[in-house]
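The lines below spell out each chain.
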Amino acid sequence: MVSETAQVSCQTNGEAKKNPQKESHGQGFNGKRKNLCFDGTRASPCNGEVCNDECVLRTSNTDTDGNMDAEPEADLLLKKSRVQKEMTFQDMYNNQDLFDDDDDDSDWEPIQKHVEITKWFCTNCTMVNYDDILHCDICGEHKESGILRHGYFASPFLQDAGPTEFDSEVEERYKDIGSQDSALKHSTVVGFDERMLLHSEVKMKSHPHPERPDRLRAIAASLATAGIFPGRCYPISAREITKEELQMVHSVEHVESVELTSHLISSYFTPDTYANEHSARAARLAAGLCADLASAIFSGSAKNGFALVRPPGHHAGVRQAMGFCLHNNAAVAALAAQVAGAKKVLIVDWDVHHGNGTQEIFEQNKSVLYISLHRHEGGKFYPGTGAAHEVGTKGAEGYCVNVPWSRGGVGDNDYIFAFQHVVLPIASEFAPDFTIVSAGFDAARGDPLGCCDVTPVGYAQMTHMLNAVTGGKLLVILEGGYNLRSISSSALAVIKVLLDESAGCELANGTPSKAGLQTVLEVLKIQMNFWSTLESRFTELQSQWGIHFFDNKSEKTTKKEEAWWGTNMVEMGKEKVTVSFPWWASSCKIKELLSYCKGYIL
């Protein structure tokens, strides 16, 4: 919660309005107002009596030494008063400069008083709210939410009640869990280190930065409350990645530029990609955990794993840090798996933003297949890359597969449909030895930057589908996701799949949206030039779904979708912007939400 002081103007009892900045110099020694009477040679107090028509009401000024400076100003006012009496209106119009005072109309502003107005930023979604409301206007979270202590299990509607008996039970039951090293084999392993929480923006701008330490805290709290970690998942010791390992992915200049930030209190690679003195170590820890998890899973010392890490990585390219990302964790993990013996690695990126960094790193590499599902909207959605025709270069064409959604609001049905007809068929033909998921949860329902509608069940289903591709050798790496309730519930659902505890969470085969079908058909038409299994699927989909979206039933469905996914014209300065917004923002401050998203366009 933060407080801001606002100047509130008011006029009382019909008194003349004054400029408060000037009023401090507008009192006599005793702070009382004085009338000055002019007799043609000097000014003298008239004590409130009516003198002549040249008596002017004014406030005497005092300099810093307490000396009166009334007489020079009084002479000037007397001169102007006499001139005005002798001039016609035409003369006055032609000589306006004569009447310009040093004081402007601001003297007549209302009396201003400092009234403190407090506002608070929502712990869950970071949006600003005023102190007189208890629940966030955007996401509905209580201002004293317990999400950082209980994660997804905390009520969004109630104030955190403080420590409970349940907290003590969890702590007692799992305090010695790290000593059970023998249980690591054939178990789900979680990579986490509290030192990654030290990476944060030093100076808050208009809002808390969306990529903030609370993201990990909320997920960790959800896992702890559920008894999953610590509990049924096991930790892996954290280590910092070496420069030599990083240089397999990034240029020497990039590695050195990130390392340089450890000597600076605050720095920025881009306006939204920050670093502090702890960021370089946090990035090395994140990359090191991902590398070691990949090696452990591929070698068989762990069944599968979840990398609970930050800063995220999939925007970090060979030479640049951007989009909140410093080192590319998924790329580091892929190469670590290959060092451990994997011949072919599949990376599936379901973050709502295209992983331009990962694509750049592997776009000429036929041993790593990169598949990304993301909002694109013709290149208008950050980072603007990831069109369907971006397929790889220099002999590796077809090893980059982009599924670029043409609008926001994309939900479970479209994602599962794309998995069934694009991701799994290509992955099956590629036949990888190891699978990595760049798991951003910013396509989740409620995310302030993604504005899509994937549910925890949807994420669980996608994880379940990928789990079978490489016989369960699967590493899930956290990328984006900026609504704490959304990312913690989604991450929990994914880890339950890794633990084989996802019974009953499968989605029925739903109907894709018209826009979703068009995107999938566009991708198939391009990628079937590289993957033989896709041509028959493309023909089948055209015949099966081609008519469906042009009959009356389809039109009704489309109208229903449009009613759910509304649009609104919002003025931003001199611009008018058409904003699409999902159900959770339809009754909220859309203009403020848009302003927030413009500030953090990732």
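Above this text sits the structure in question.
Definitions and limits used
- Residues numbered from 1 in each chain as written.
- Predicted model: local features only at pLDDT ≥ 70, side-chain atom pairs only at ≥ 80, totals over all residues.
- Heavy atoms only, no water.
- Buried < 20%, exposed > 50% of the residue type's maximum accessible area, 1.4 Å probe, protein only.
- Helix = DSSP H or I, 4+ residues; strand = E, 2+ residues; numbered from the N terminus.
- Pairing = 2+ DSSP bridges.
- Contact = heavy atoms within 4.5 Å.
- Axes fitted to C-alpha atoms, helices over the stretch in contact; angles between N-to-C directions.
- Phe/Tyr/Trp six-rings, centres within 6.5 Å; stacked < 30°, edge-to-face > 60°.
- Lys NZ or Arg CZ within 6 Å of the ring centre and 35° of its normal.
- Salt bridge = Lys/Arg side-chain N within 4 Å of Asp/Glu carboxyl O.
- Expected span 1.5 Å × (residues − 1).
- Core = buried A, V, L, I, M, F, W, Y, C linked by side-chain atoms within 4.5 Å.
- Parallel < 35°, antiparallel > 145°, perpendicular 65-115°, else oblique.
- Left-handed = near helix turned anticlockwise from the far one by under 90°.
- Nonpolar A, V, L, I, M, F, W, Y, C, P; charged D, E, K, R; others polar.
- Right-handed = clockwise from strand over helix to strand, strands pointing away.
- Polar contact = N/O pair within 3.5 Å; in protein donor to acceptor, adjacent residues only side chain to side chain.

*Asks:* Let's hear about the pairing of strand β10 (residues 273–276): which residues, and what values?
*Replies:* Residues T273 and A275 of β10 are buried on one face, and the alternating residues Y274 and N276, pointing to the opposite face, are buried as well. Hairpin connection between strand β9 (residues 266–270) and β10: a loop of 2 residues separates the two successive antiparallel strands.

*Asks:* Which residues make up the sheet that holds strand β8 (residues 234–235), and what values go with them?
*Replies:* Strand order across the open sheet formed by 8 strands is β8-β7-β11-β16-β15-β12-β13-β14, with parallel pairing between neighbours. Two strands in the sheet have a free side with no partner beyond their single neighbour: β8 and β14 (400–405). Each of β7 (188–191), β11 (304–307) and β16 (474–478) touches helix α14 (residues 484–498); the most contacted strand, β11, lies at about 165° to it.

*Asks:* Give me the packing of aromatic side chains: which residues, what numbers.
*Replies:* Across all of its chains, the model carries 9 aromatic pairs by this definition. Ring geometry for F324 against Y482: centres 5.7 Å apart, planes inclined by 85°, an arrangement best described as edge-to-face. In this pair, F324 sits in the loop between β11 and α10 (329–339) while Y482 sits in the loop between β16 and α14, placing the two residues 158 residues apart along the sequence. Since its relative accessible area comes to 2%, Y482 is described here as buried. A cation sits over an aromatic face here: K344 above F430, 5.2 Å from the ring centre. The side chain of K473 reaches across the aromatic face of F298, ending 5.8 Å from its centre.

*Asks:* Explain the pattern of salt bridges residue by residue, including any values.
*Replies:* The tally for this structure, following the rule as stated, stands at 16 salt bridges. With a closest N to O distance of 2.9 Å, R239 and E245 form a salt bridge. A salt bridge links R281 to E240, with the shortest nitrogen-to-oxygen separation between them at 3.1 Å. Of this pair, R281 sits in helix α9 (residues 279–299) while E240 sits in the loop between β8 and α7 (243–246), and the two are 41 residues apart along the sequence. A relative accessible area of 26% means that E240 is categorised as partly exposed. Ionic contacts of the salt-bridge type, sharing partners, join the residues E240, E259, R281 and R284 into one network.

*Asks:* Could you give an account of α9, with specific residues and numbers?
*Replies:* Under the 1.5 Å per step criterion, the end-to-end length of α9 is 30 Å for 21 residues, consistent within 8% with the ideal 30 Å. With its phi angle positive at about 95°, G300 sits one or two positions after the end of α9.

*Asks:* Summarise the nonpolar core; cite the residues concerned and give the values.
*Replies:* Counting residues in each nonpolar core, the largest one holds 111 residues, and the members touching the most others are F306, W350, F434 and F441. Per-element tally for this core: the top contributor is α9, with 12 residues. Leave out the neighbours within four places in its chain, and F441 touches F306, W350, D447, Y459, L478, G480, G481, I487, S490, A491 and V494. Counting 6 residues, the second largest nonpolar core, distinct from the first, contains W120, C125, M127 and C136.

*Asks:* So what's going on with the environment of G458? Residues and values would help.
*Replies:* Residue position: G458 is located in helix α13 (residues 456–467). Through-space distance from the C-alpha of G458 to that of S490 is 8.7 Å; in sequence the pair is 32 residues apart. Among residues more than four places away in sequence, those in contact with G458 are D412, I416 and L507.

*Asks:* Could you give an account of the packing of helix α6 (residues 214–225) against α14, with specific residues and numbers?
*Replies:* Here α6 crosses α14 at 45°, and the two axes come no closer than 9 Å. Compared by their axis directions, α6 and α14 come out oblique. As α6 runs across α14, the sense of the crossing is right-handed. Where α6 approaches α14, its residues D214, R215, A218, I219, S222 and L223 are matched on the opposing element by L484, I487, S488, A491, L492 and I495. Residue composition of the contact of α6 with α14, grouped by class: 8 nonpolar, 2 polar and 2 charged.

*Asks:* So what about the pairing of β7? Which residues, and what values?
*Replies:* Alternating positions in β7 separate into two faces, T188 and V190 on one and V189 and G191 on the other, with burial throughout. Summarising the sheet, β7 and β11 pair through 4 bridges and their orientation is parallel. Its bridge partner lying in β11, V189 is registered against G305. Since β7 and β8 lie parallel, the crossover through α6 that links them has a hand, and here it is right-handed.

*Asks:* Can you break down the side chain of D193 residue by residue, with the values?
*Replies:* Mapped onto the secondary structure, D193 falls in the loop between β7 and α6. For D193, a relative accessible area of 13% translates into the label buried. Of the polar contacts made by the side chain of D193, one reaches the backbone nitrogen of R195; its length is 2.9 Å. In this structure D193 touches A238, L285 and L289, once residues within four positions along its chain are discounted.

Everything listed here is a matter of coordinates, which is why it stays silent on function.
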